[in-house]
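Tertiary structure, described
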Amino acid sequence: MLTMLSISIVIPVYNEAPVLPLLFAGLAGTLAELEQAHGPVELVLVNDGSADASWDLIRTQCQRDARYVGVNLSRNFGHQRALAAGLESARGEVVISMDADLQDPPAVLPQLVAKYCEGYDVVYATRLTRGKESWGKRITANIFYRVIEKVSGVTVHKDTGDFRLMSRRALVELSRMREVHRFLRGMVPWIGFPQTQVFYDRGDRQAGETHYPLPKMLALAFDGIASMSTAPLRLAYLLCLLLFSVFIGYIMWVLFDHFVYGSELVQGWTSLMSAITIFGTIELLMFGIFGEYLGRTYEQVKQRPLYIIADVERSATSPTPTRSEPS
Ligand code: UDP
Ligand code: MG
């Protein structure tokens, strides 16, 4: 499998100082293997506004090893936008994104590239096991993948995070998607082209702490659903239909009770109150959902840049790009 390629590996970094030395050491063997089999490899480390020594460590590494490129964002833009910054700065024919914490084992990288050589444009690395993740995280992840598949109409592979390979042409298409609420796990399947998966055992974070505790995971999940589908808006019809049938039934029963059994009509304080409360709550809920989509539309029409790059660190001996830069 001696196909000459240039490979970029993009790694977003946010407060990962404890893990970075382990990452650099952990990558060394695989990088040599990839270089030998395929050709030049570039590592793009995006510092997403870390408050610790991450950027200093990245800069030092760039000076030490010409394959490393550091991209320093002007502040913390969040994981998905940091990824966008890295993917758009990468110059390889093949671009792989992975986490900094070694949960995505470097040993899987050659498998991803092998699938590319078989003709796939997108190769997802899917976890067979999820390491020591909490029950809460596992259960929510499970529900989430089911819901998103149903509502979005594209195949979002279960247990597949942002560890994936993309061909240059897939990346060009992804770069045309300028949505501000980004959910790459749904956007990449949407692109199409031949896509496949490889499977691996997910390890545990090697150092530092997760940036995705449960509440932030839930926010990402809602972001995913709202950015992939308008299903929550359609919820209004369903709820209306359901309540309409319940209350038609109730009114028919009241009339029947009155005309057949002659019961008084001035009754039913409880049912009246429940009707008002239920309708009120549902109306508020629907307003909330409309508002959410309106807000997203507003943020999108502002057309702000997705990220801002403050500095780029590249060693003076850094190899020149093998691909012509997009104009
Ligand atoms: N990350 C980032 N910006 C953020 C949060 C996270 O660039 O605002 C990076 C982080 O450094 C890591 C990756 O995104 O490389 C995934 O984060 P993490 O490992 O904390 O998530 P988990 O694997 O626990 O879901
Ligand atoms: Mg992680």
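Details of the structure are given in the entry above.
Residues numbered from 1 in each chain as written. Chains lettered and ligands numbered in written order. Predicted model: local features only at pLDDT ≥ 70, side-chain atom pairs only at ≥ 80, totals over all residues. Heavy atoms only, no water.

Re the packing of aromatic side chains
Counting across every chain of the model gives 6 aromatic pairs. Centroid distance Phe144 to Phe183: 5.7 Å. Interplanar angle 90 degrees. Geometry classified as edge-to-face. One end of the pair, Phe144, is in helix H5 (residues 135–152); the other, Phe183, is in the loop between helix H6 (168–175) and helix H7 (184–191), with 39 residues separating them in the sequence. Of the two residues, Phe144 and Phe183, neither departs from the other in class, the shared state being buried. Seen in terms of ring centroids, Tyr250 and Trp253 are 6.3 Å apart; in terms of plane orientation they differ by 35 degrees. Their pairing is tilted. Note that Tyr250 and Trp253 are positioned in helix H9 (residues 231–261) at a spacing of 3 residues, about one turn of the helix. For Trp253, a relative accessible area of 52% gives the class exposed. Through a chain of ring-to-ring contacts, three or more aromatic side chains come together here, namely Phe144, Tyr145 and Phe183. Looking at Arg75, its charged tip hangs above the ring of Phe77, at a distance of 4.0 Å from the centre. (Phe/Tyr/Trp six-rings, centres within 6.5 Å; stacked < 30°, edge-to-face > 60°. Helix = DSSP H or I, 4+ residues; strand = E, 2+ residues; numbered from the N terminus. Buried < 20%, exposed > 50% of the residue type's maximum accessible area, 1.4 Å probe, protein only. Lys NZ or Arg CZ within 6 Å of the ring centre and 35° of its normal.)

Some remarks on the site of ligand 1
The environment of ligand 1 is made up of 19 residues, and the closest members are Glu16, Asp48, Asp101, Thr210 and His211. Interatomic distance of 3.4 Å between a backbone N/O atom of His79 and a nitrogen atom of ligand 1. Burial of ligand 1 by the protein chains amounts to 95% of its free accessible area of 540 Å². Within the residue set of the shell around ligand 1, elements represented by two or more residues are strand S1 (7–13) and helix H3 (79–89). (Near = heavy atom within 4 Å. Polar contact = N/O pair within 3.5 Å; in protein donor to acceptor, adjacent residues only side chain to side chain. Areas by Shrake-Rupley, 256 points an atom, 1.4 Å probe, with all protein chains shown as cover.)

Structural notes on the side chain of Ser8
With respect to the helices, strands and loops of the structure, Ser8 is situated in strand S1. There is a polar contact of 2.5 Å between the side chain of Ser8 and the side chain of Glu42.

Looking at the nonpolar core
One finds Ile9, Ile11, Ile96 and Leu112 to be the most contacted residues of the largest nonpolar core, which totals 33 residues. Take this core: its biggest share by element is 6 residues, from helix H1 (residues 20–38). Core analysis: the next-biggest nonpolar cluster, separate from the first, contains 27 residues, Val46, Ala170, Met177 and Ile191 among them. (Core = buried A, V, L, I, M, F, W, Y, C linked by side-chain atoms within 4.5 Å.)

Some remarks on the packing of H1 against helix H4 (residues 109–117)
When two helices pack together, their arrangement is given by the angle between the helix axes and by the axis-to-axis distance. It is the contact of H1 with H4, at a shortest axis distance of 10 Å, that shows an interaxial angle of 25 degrees. For the element pair H1 / H4, the angle class is roughly parallel. Both H1 and H4 take part in a crossing whose hand is right-handed. Residue-level inspection shows Leu27, Thr30, Glu33, Leu34 and His38 of H1 in contact with H4, the latter providing Leu109, Pro110, Val113 and Cys117. (Axes fitted to C-alpha atoms, helices over the stretch in contact; angles between N-to-C directions. Parallel < 35°, antiparallel > 145°, perpendicular 65-115°, else oblique. Left-handed = near helix turned anticlockwise from the far one by under 90°. Contact = heavy atoms within 4.5 Å.)

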